[in-house]
Amino acid sequence: MGSASLSHSNPGPHERAHPRTVMQGRRRRKVWGLEARPPPSKSKTHTNCPASAVDTQGTYPWTPTLTSFFCRISHEDWSCSLIVASLVGAFGSSFLYGYNLSVVNAPTPYIKAFYNESWERRHGHPIDSDTLTLLWSVTVSIFAIGGLVGTFLVKVIGKFLGRKNTLLVNNGFGIFAALLMACSLPAGALEMLIVGRFIMGVDGGIALSALPMYLSEISPKEMRGSLGQVTAIFICIGVFAGQLLGLPELLGKESTWPYLFGVIVIPALVQLVSLPFLPKSPHYLLLEKHDQEGAEKAFRTFLGKEDVSREMQEVLAESRVQRNIRLVSVLELLRSPFVRWQLITAVISMACYQLSGLNAIWFYTNSIFGKAGITPEKIPYITLSTGGIETLAAVFSGLVIERMGRRPLLIGGFGLMALFFGILTITLMLQDHAPWIPYLSILCILAIIAAFCSGPGGIPFILTSEFFQQAQRPAAFTVVGTVNWLSNFTIGLLFPFIQQSLDTYCFLVFAAVCFAGALYLYFVLPETKNRTHAEISQAFAKRNKAYPPEGKTDSAVTDDKMNIQLEPDSSSALEN
């Protein structure tokens, strides 16, 4: 019985669970046992790192240098497969979302001229200004409607295909949309551009739900934040790429604007040919497909090591309350008392993400730059600085998120946005009083963008992945994604009226939203860095007034849960 009792005990600080083979009749079976191991040697941990990057305790001091950063990620077993999966997944997904946010700005006059020509060819008279405005508004806003549809589709597709295959299938939407939009001018059909924008929105809705789930499930908890920020980084890179390619010297000309939409094919094809060579999510394989060997193999591939027992234990601990796993519906998630405040927090953080006013910044950028004395010909190039600031701030957040945590970056980001929105309101009121005030307005714009991308621009997606267990995650992303796209559509629809009514005071509305979001998160949001789902659930349990079943027994992973492939008579093999 000694072996049986050992398998029910918790591993000590220098023990590890590892698979061993026992004989059961004529069959070999792999079971989980415990084996003592010596404490890790600090002298071998940093063999490739310079002495300046490591302190006397063998840890990494806080130095924001690339050397110390790469030493940390090499120590944390960032394998080539994990890096490739995050880069390829984000390039074909969140990059396209960011690209389509900014790509319509540069060719706006040419697209409107195309609409007028198409209308005149069909009806024999030019289009009136109200109809043209309506068609252009539909072209821009229908992207958000498509995103909402994609959010609802992701649960249906993901249930049958999993996270990775959902991303692969999603490339079909991107390629089809790109071909429609690129061929709209030669075909003389303005409907092709509008339908292409809608399908591209569907692609974005699926991508912003499936990609964060996939990245969260292939990474250990020590890397979830850094890997999750890849989504935000590539959104910013996509915005910058749309601004760059929209320059007149590149594709922002009357004869070449359709190619701005045609290049969408490239990221989709790169993901389509690269992602099949990478494993599926180990969480999906183990918890939904009950494929333990496949999950172990996927963990080894992504983590670049043979001993993945700790990661398997964490996933199996989550499976104790969902052995016969069934995906939770949206209605069941909304009614569940165990995740009530997790859902409220995820919804509020995502709503603040869209309603924080960053879209309003783009409306004022050109006028502020013009009043600062920048000539109209140079404004598009100066605008590139905003995309560059976005990207740098998102990269900074990815470098520090695992050291600083989610709370400081998210709360601090919203707080700084509220502060600089207030200052920007004052500078816009006084910008005619002194020649240097418009430059202060430019600095406020850049500061707002940096504050947004350093935390609020990506962390809401990470929190949604961390708050919910495997069976709840698709429904949670459906709810949060719906809030995301509805907020996107609402701000696009209402902002012109807000701006017309309040003029420069409209930024005070966004300052109030950011301040309210920071205040709520300060009192409600716990730190999720390096914490398992059970630990995060326990942090919310008091506020929910309901303790999750798995939280009380998470510290003891019993043998019948650890070994999901053992048959009832396998206990005798353990005793032998």
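Only a predicted model underlies this, so the values are computations on that prediction, with no experimental measurement involved.

1. A short note on the overall build of the chain
Along the chain, the regular secondary structure elements total 27 helices and two strands. In the chain, which comprises 576 residues, the share counted as buried stands at 55%. For the chain, the computed accessible surface area is about 24900 Å², with 64% contributed by carbon and sulfur atoms.

2. Here's the deal with the pattern of salt bridges
Scanning the model with the defined rule gives five salt bridges in all. Taking the shortest distance from any N to any O, the salt bridge between Glu191 and Arg122 comes out at 2.5 Å. Placement of the pair is Glu191 in helix α9 (residues 190-218) and Arg122 in helix α6 (residues 108-123), with a sequence separation of 69 residues. Arg122 sits in the partly exposed class, given a relative accessible area of 44%.

3. Some remarks on helix α19 (residues 379-404)
Between its terminal C-alpha atoms α19 stretches 36 Å, which fits the 38 Å expected from 26 residues at 1.5 Å a residue. Taken as a whole, α19 carries its principal kink of about 35° at Gly398. Once α19 finishes, Gly405 follows within two positions and takes phi at roughly 95°, a positive value.

4. Comments concerning empty space enclosed by the protein
Gaps left between atoms show up when a probe the size of a water molecule is rolled over them. As enumerated under the stated definition, the model contains three cavities of 30 Å³ or more in all. Considered as a void within the structure, the largest cavity measures approximately 90 Å³ in volume. Lining the largest cavity are Pro212, Leu215, Ser216, Arg224, Leu227, Gly228, Thr231, Phe461, Ile462, Ser465 and Glu466. Of all elements in the fold, only α9, α10 (224-245) and α22 (459-467) reach the threshold of two or more residues within the lining of the largest cavity. Tallied by class, the residues present in the lining of the largest cavity amount to five nonpolar, four polar and two charged. Each of two domains, domain 1 (77-278) and domain 2 (329-547), supplies a minimum of three residues to the lining of the largest cavity.

5. Quick word on the packing of helix α17 (residues 340-355) against helix α25 (residues 533-544)
Running from N to C, α17 and α25 cross one another at 100°; their axes reach a closest spacing of 8 Å. It follows that α17 is roughly perpendicular to α25 by the angle criterion. Residues Arg340, Trp341, Gln342 and Thr345 of α17 form the contact with α25, whose own contacting residues are Ser537, Phe540, Arg543 and Asn544. For the contact of α17 with α25, the residue count by class is two nonpolar, four polar and two charged.

6. A closer look at unusual backbone geometry
We note that Asn530 has phi near 60°; this positive angle belongs to a residue other than glycine. Mapped onto the elements, Asn530 comes out in the loop between α24 (506-524) and α25. Asn530 sits in the partly exposed class, given a relative accessible area of 33%.

7. Some words on a nonpolar patch on the surface
On the surface, Ile426, Met429, Leu430, Leu502, Tyr505, Leu508 and Val509 cluster together into a nonpolar patch covering about 580 Å² of accessible area. Tallying contributions element by element places helix α20 (residues 406-430) first for the nonpolar patch, with three residues. Turning to its location among the elements, Ile426 is positioned in helix α20. Looking at Ile426, the relative accessible area reads 49%, which means it is partly exposed.

Reading the values: the criteria
Residues numbered from 1 in each chain as written. Predicted model: local features only at pLDDT ≥ 70, side-chain atom pairs only at ≥ 80, totals over all residues. Heavy atoms only, no water. Helix = DSSP H or I, 4+ residues; strand = E, 2+ residues; numbered from the N terminus. Buried < 20%, exposed > 50% of the residue type's maximum accessible area, 1.4 Å probe, protein only. Areas by Shrake-Rupley, 256 points an atom, 1.4 Å probe, with all protein chains shown as cover. Salt bridge = Lys/Arg side-chain N within 4 Å of Asp/Glu carboxyl O. Expected span 1.5 Å × (residues − 1). Bend = angle between axes of the 7 residues up to and from the residue. 1 Å grid on protein atoms, 1.4 Å probe; cavity = no way out; pocket = protein on both sides within 12 Å on 5 of 7 lines; lining within 4 Å. Points joined across faces, edges and corners; volume = space filled by probe spheres on them. Nonpolar A, V, L, I, M, F, W, Y, C, P; charged D, E, K, R; others polar. Domains from an automatic or database assignment. Axes fitted to C-alpha atoms, helices over the stretch in contact; angles between N-to-C directions. Parallel < 35°, antiparallel > 145°, perpendicular 65-115°, else oblique. Contact = heavy atoms within 4.5 Å. Patch = residues over 30% accessible without salt bridge, like charges linked within 9 Å, V, L, I, M, F, W, Y side chains within 5 Å.

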